[in-house]
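Structural description and commentary
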Amino acid sequence: MNVQWYPGHMTKAKRQMQEDIKLIDLIIELVDARVPLSSRNPDIDELGKNKSRLILLNKADLADERQNEAWKAFFQEKGFFVVKVDSRSGSGMKAIQNVIQEACREKIERDRRRGIRNRPIRAMVVGIPNVGKSTFINTFAGKACAKTGNKPGVTKGKQWIRLNKGVELLDTPGILWPKFEDQEVGIRLAFVGSIKDDILNMEELSLKLIGFLKEKYSGALLERYGIREGGTDIEILEEIARARGCLKKGDELDYAKTAGIIFDDFRSGRIGRITIEWVS
């Protein structure tokens with residue numbers, strides 16, 4: 001299964017970020033807590049190599065809490081500041097302001113020595129499509145100041161947002177990178193909705209998700225759908241189709257509809273708190 005998605009506006013957005021990086025003190029990078037490595041654009045490390053870095057493990061409420069803690073420790077060991085958040089509910093957001101101050105302490109001290117007081121910290125918010133940047137900004141700012149949508153590619157241009165006297169945020173469009181060297185990365189991003197569903201074979205993708213859940217989260221499909229987990233991946237898909245009444249004319253199973261239900265349930269957390277990518 002070959003997964004690629006790199007619309008033209010992403011090239012332009014990356015060029016703009018290279019220009020804007022000179023203006024900022026801190027990069028706030030949102031990653032999807034269910035796929036923390038796969039949802040990191042490798043270009044960001046190169047873009048921000050001399051900047052303070054904060055990683056937000058977003059959608060942490062949908063991910064396995066043991067893995068959330070493991071990933072937090074993993075990134076902290078690499079020198080990042082890390083906060084677990086759920087941008088939709090606001091969970092974890094109160095901690096961010098203090099962590100921003102801590103991450104930029106050297107810059108604040110440097111300003112103070114030069115007699116510059118109260119210059120706001122300028123932070124660039126980055127992340128791949130559909131990772132929740134706009135929702136994070138809206139929740140953090142306490143007002144709807146960035147467009148949101150549950151599909152990738154909603155934010156097309158940059159916008160500065162003044163949060164308070166101390167912090168200004170630069171929102172940026174979600175950008176991927178031109179080619180996934182490891183196709184498993186593309187598949188994981190497809191699982192969580194960072195690649196448009198309409199360019200994917202969702203039935204084939206659902207079989208991969210079923211295989212993963214069988215291996216790592218035994219019992220989750222049984223609990224959600226009341227089906228046996230002992231069969232092959234395709235047999236389990238068919239069991240779910242029957243359990244959910246996904247039938248076409250002549251009692252033929254509707255695989256596309258079944259795949260849609262499985263992904264709706266996975267992405268919303270109804271199958272449980274699932275992390276696709278584990279700290280090895």
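Preceding this section is the structure that the text describes.
Cut-offs used in this document
- Residues numbered from 1 in each chain as written.
- Predicted model: local features only at pLDDT ≥ 70, side-chain atom pairs only at ≥ 80, totals over all residues.
- Heavy atoms only, no water.
- Helix = DSSP H or I, 4+ residues; strand = E, 2+ residues; numbered from the N terminus.
- Buried < 20%, exposed > 50% of the residue type's maximum accessible area, 1.4 Å probe, protein only.
- Contact = heavy atoms within 4.5 Å.
- Areas by Shrake-Rupley, 256 points an atom, 1.4 Å probe, with all protein chains shown as cover.
- Phe/Tyr/Trp six-rings, centres within 6.5 Å; stacked < 30°, edge-to-face > 60°.
- Pairing = 2+ DSSP bridges.
- Axes fitted to C-alpha atoms, helices over the stretch in contact; angles between N-to-C directions.
- Core = buried A, V, L, I, M, F, W, Y, C linked by side-chain atoms within 4.5 Å.
- Parallel < 35°, antiparallel > 145°, perpendicular 65-115°, else oblique.
- Left-handed = near helix turned anticlockwise from the far one by under 90°.

Scanning the chain from terminus to terminus reveals eleven helices and six strands. Counting across all 280 residues of the chain, residues that qualify as buried make up 51%. A fraction of 67% describes how many contacts in the chain between residues 6 or more apart in sequence connect residues 24 or more apart. Surface exposure of the chain reaches about 13,600 Å², of which carbon and sulfur atoms provide 47%.

Attention now moves to the packing of aromatic side chains. Under the counting rule described, the total for this entry stands at eight aromatic pairs. Here Phe136 and Phe140 contribute two aromatic rings whose centre-to-centre distance is 5.3 Å and whose plane-to-plane angle is 20°, an arrangement assigned as stacked. Residue Phe136 and its partner Phe140 are both found in helix H6 (residues 133-141); the two are separated by four residues, about one turn of the helix. On the basis of relative accessibility, which here comes to 0%, the residue Phe136 falls in the buried class. Residue class for Phe140 comes out buried when judged on its relative accessible area of 16%. Taking the centre distance of 6.1 Å and the plane angle of 40° together, the rings of Phe191 and Phe263 count as tilted.

This brings us to the sheet that holds strand E3 (residues 81-84). Pairing is mixed in the open sheet, where six strands are placed in the order E3-E2-E1-E4-E6-E5. Pairing within the sheet leaves two strands with one partner each, and these edge strands are E3 and strand E5 (159-162). Neighbour-to-neighbour, the strand axes of the sheet open up by a mean angle of 25°, direction not taken into account. Packing against the sheet, helix H3 (residues 65-77) makes contact with strand E2 (52-58) and E3, and its axis sits at approximately 165° to E3. Running over the sheet, helix H4 (residues 94-103) touches strand E1 (26-32), E2, E3, strand E4 (121-126) and strand E6 (167-171) and is turned about 175° from E3.

Glancing now at the nonpolar core. Counting 61 residues, the largest nonpolar core has Ile28, Ile96, Phe136 and Leu169 as the members making the most contacts within it. Counting eleven residues, the second-largest nonpolar core is a separate cluster that includes Ile24, Ile44, Leu47 and Ile175.

Turning to the packing of helix H8 (residues 202-216) against helix H11 (residues 255-268), a few remarks are in order. Packed helices, taken two at a time, are described by the angle between their axes plus the distance between the axes. Their axes nearest at 9 Å, the elements H8 and H11 cross at an angle of 50°. By the angle class used here, H8 and H11 are oblique. Viewed along their axes, H8 and H11 form a crossing whose handedness is left-handed. On H11, the residues touching Met202, Glu203, Leu205, Ser206, Leu209 and Ile210 of H8 are Tyr255, Ala256, Ala259, Ile262, Phe263, Phe266 and Arg267.

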